[in-house]
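Analysis of the macromolecular model
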Amino acid sequence: MNSVTEKTIRAYHTDCFGHVYHGRYVELLEDGRWSYLEDNTRLAKILHEKKILHAVVHMNISFRKAAALGDRLRIETGVESATENSVTMGQNIFASGTGETILSAKVTQVYYIKSPENFLPVSDKVFSEWTDLQKIINW
């Protein structure tokens, strides 16, 4: 299941050239991943109840077009791949008005309890509610 969230570019997102500052895209992508969890309430509830945290360990962003003040952006987020220890989310940001691709990203996260050294296997029963992973990993 993909999640979609929309954001309007504000002045604090932009640099002195009037474009979205590249570091702000990382925050927009994070908003998209949080929206994904909010849209998957059962998964979010399980992660919270079990005190399972997640950390980004790798991010690959391909910038295609600049966004500017006042632009409305659509952030689409979904599971792209998974291993025993990590999940890679595929994310795309589009201009809402034109549908043009602003950027594409792959963000790899690990799940852990208390410290990143205690990685949890993604195939753990905690993730049985994560239907996107069930399509990727043969449980």
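To keep things clear, this report deals only with the structure shown in the data block. Note that the structure is predicted; figures quoted are calculated from it, not measured. (Residues numbered from 1 in each chain as written. Predicted model: local features only at pLDDT ≥ 70, side-chain atom pairs only at ≥ 80, totals over all residues. Heavy atoms only, no water.)

**Re the environment of L28**
Formally: Going along the chain from the N terminus, every DSSP run of H or I of four or more residues is numbered as a helix, and every run of E of two or more is numbered as a strand.
By the element assignment, L28 lies in helix α1 (residues 22-39). With 21 residues separating them along the chain, L28 and K7 place their C-alpha atoms 7.9 Å apart.

**Digging into the pattern of salt bridges**
For clarity, the cut-off: By salt bridge we mean one thing: a side-chain nitrogen of Lys or Arg within 4 Å of a carboxyl oxygen of Asp or Glu. Each residue's exposure class comes from its accessible area (1.4 Å probe, protein chains only) as a fraction of the maximum for that residue type: buried when under 20%, exposed when over 50%, partly exposed otherwise.
Counted by the stated rule, this structure contains seven salt bridges. The partner of E27 in a salt bridge is R24, with the nearest N and O atoms 2.8 Å apart. Of this pair, E27 and R24 both sit in helix α1, three residues apart, which is roughly one turn of the helix. The exposure class of E27 is partly exposed, given its relative accessible area of 39%. Judged by relative accessible area, R24 falls into the partly exposed class, the value being 21%. The closest approach of N and O atoms between R74 and E76, which form a salt bridge, is 2.8 Å.

**A closer look at the environment of F94**
Formally: For this analysis, residues touch if any pair of their heavy atoms sits within 4.5 Å.
With respect to the helices and strands, the residue F94 is situated in strand β4 (residues 86-95). On a C-alpha basis, the gap between F94 and E6 in space is 9.5 Å, while along the polypeptide they are 88 residues apart. Ignoring anything within four residues of it in the chain, the contact list for F94 reads R72, L73, R74, E76, G99, E100, T101 and I102.

**Some words on helix α2 (residues 41-49)**
Our working rule: Note: the arc covers the axis-to-C-beta directions of the helix.
All of the buried residues along α2 are L43, I46 and L47. All buried residues of α2 fall inside an arc of 100° around its axis, so they share one side. Across α2 from its buried face, at more than 90 degrees, point the exposed residues T41, R42, K45, H48 and E49.

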